[in-house]
Amino acid sequence: MASSNDTFDRRSETGSFDIIGDVHGCIDELETLLLRLGYGIEWTWSGSRRLPTTSAPAGRRAVFVGDLVDRGPGAADTVSLVMTMCAAGQALCVPGNHDFKFRRWLDGHNVTRAHGLDLTIAEFETWTPQDRVAVSGFLRTLPYYLWLDGGALVVTHAGILPEMIGTISHRIESFCLYGDTDNRRNAGGFPIRYNWATRYDGAALVVYGHTCVDEPAWVNGTVCIDTGCCFGGSLTALRYPERQSVSVPAVRQYAVRDGKFGLPPSRQNHLK
Ligand SMILES: [Mn+2]
């Protein structure tokens, strides 16, 4: 796990924000969504790569909930776009579990090339070592959650509990990346997930992704906006403070679904 830092505390940043769900390399849908939200994107070729020039609507920034890479066809362009927007002050981003594993590959660790990571690696293998180091460095700087708008808004990848907001630890980092899991696995070998949102009673609105849902799923003061674009669903943005969602349907299905969409069961259902 990356070293802890306190860059999560961005309460002084009041928005407005366009919070964007798991992109997973769905660059075409991301461009369509950003254009619809008023952002500008132009690409210019630089050798074998294309580099974006971007603009944001006045008074608004994009916030990515992570899982930029894997499964979709445009992971490299997605990373380029998000890095450019963040450097320009047009976007903020938290890491997802796929980004975390991708960074481990960038840093030279031996990782299992499953769940779409093989596609991401194939794209980045043509990048120069310096450019790959820049991506790794970018991902390393990302806080595991963002505490925004005077404390009224939290953006994280998979989940957070009220007592975690305002502090950081390895356990909190893990919860932000993977949500509420334990050492149990399902028949497919995936960690069993529990619906932490059913016991969320915090004051801040938590916007997150990680679990595919057909439509933005509001539970207590939380909303999941991963509408499964890479699996043929859609890519969703939640406009804040308006609390309106904007979705772009997937151009096609890029990866095989590994189950039905929907939030997992609450944990108390699993306690014996
Ligand atoms: Mn995801």
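Note: the structure precedes this text.
All values reported here derive from a predicted model rather than from experimental measurement.

(A) View of the side chain of D180. By the element assignment, D180 lies in strand β9 (residues 180–185). A distance of 2.9 Å separates a polar atom in the side chain of D180 from a polar atom in the side chain of R199. Setting aside residues up to four positions removed in sequence, D180 forms contacts with F175, I192, R193, Y194, W196, R199 and R267.

(B) Structural detail: the pairing of strand β2 (residues 17–20). Going residue by residue along β2, you find F17 and I19 tucked away on one face and D18 and I20 tucked away on the opposite face as well. The pairing of β2 with strand β5 (residues 61–64) spans four bridges and is classified as parallel. Of the residues in β5, the one forming a bridge with I19 is V63. In this sheet, strand β14 (residues 234–240) lies alongside β2 in antiparallel orientation, the contact comprising four bridges. In the strand pairing of β14, D18 is matched with R239.

(C) A look at the packing of aromatic side chains. Following the criterion strictly, the structure yields eight aromatic pairs and no others. Each ring, one from F8 and one from Y145, has its centre 4.7 Å from the other, and the planes form 25°; the classification is stacked. Of this pair, F8 sits in the segment before β1 (9–10) while Y145 is found in strand β7 (residues 145–148), placing the two residues 137 residues apart along the sequence. When sorted by exposure, F8 lands in the same class as Y145, which is buried.

Thresholds applied
- Every chain is numbered independently, its residues counted from 1 as its sequence is written.
- It should be noted that, the model being predicted, local features are given only for residues of pLDDT at least 70 and side-chain atom pairs only at 80 or more, the latter also being counted only at that level, while totals for whole chains, interfaces and linings use all residues.
- As a rule here, side-chain values come from all non-hydrogen atoms in the structure, and water together with hydrogens is ignored.
- Each helix is a run of DSSP H or I of at least 4 residues and each strand a run of E of at least 2, with the numbering of both proceeding from the N terminus.
- Under this definition, polar contacts are N or O atom pairs within 3.5 Å; protein pairs additionally need one hydrogen-donor-capable and one acceptor-capable atom, and for neighbouring residues in sequence, both atoms have to be side-chain atoms.
- A contact between two residues is defined here by any heavy atoms of the two lying within 4.5 Å.
- Only protein chains enter the accessibility calculation, which uses a 1.4 Å probe; a residue whose area is less than 20% of its type maximum is buried, one above 50% is exposed, and one in between is partly exposed.
- In this scheme, strands are said to pair when DSSP sees at least two bridges between them.
- Two rings from Phe, Tyr or Trp (for Trp, the six-membered ring) form a pair when their centres are within 6.5 Å of each other. A pair whose planes differ by under 30 degrees is stacked, one over 60 is edge-to-face, and the rest are tilted.

That is the geometry; function is a separate question.
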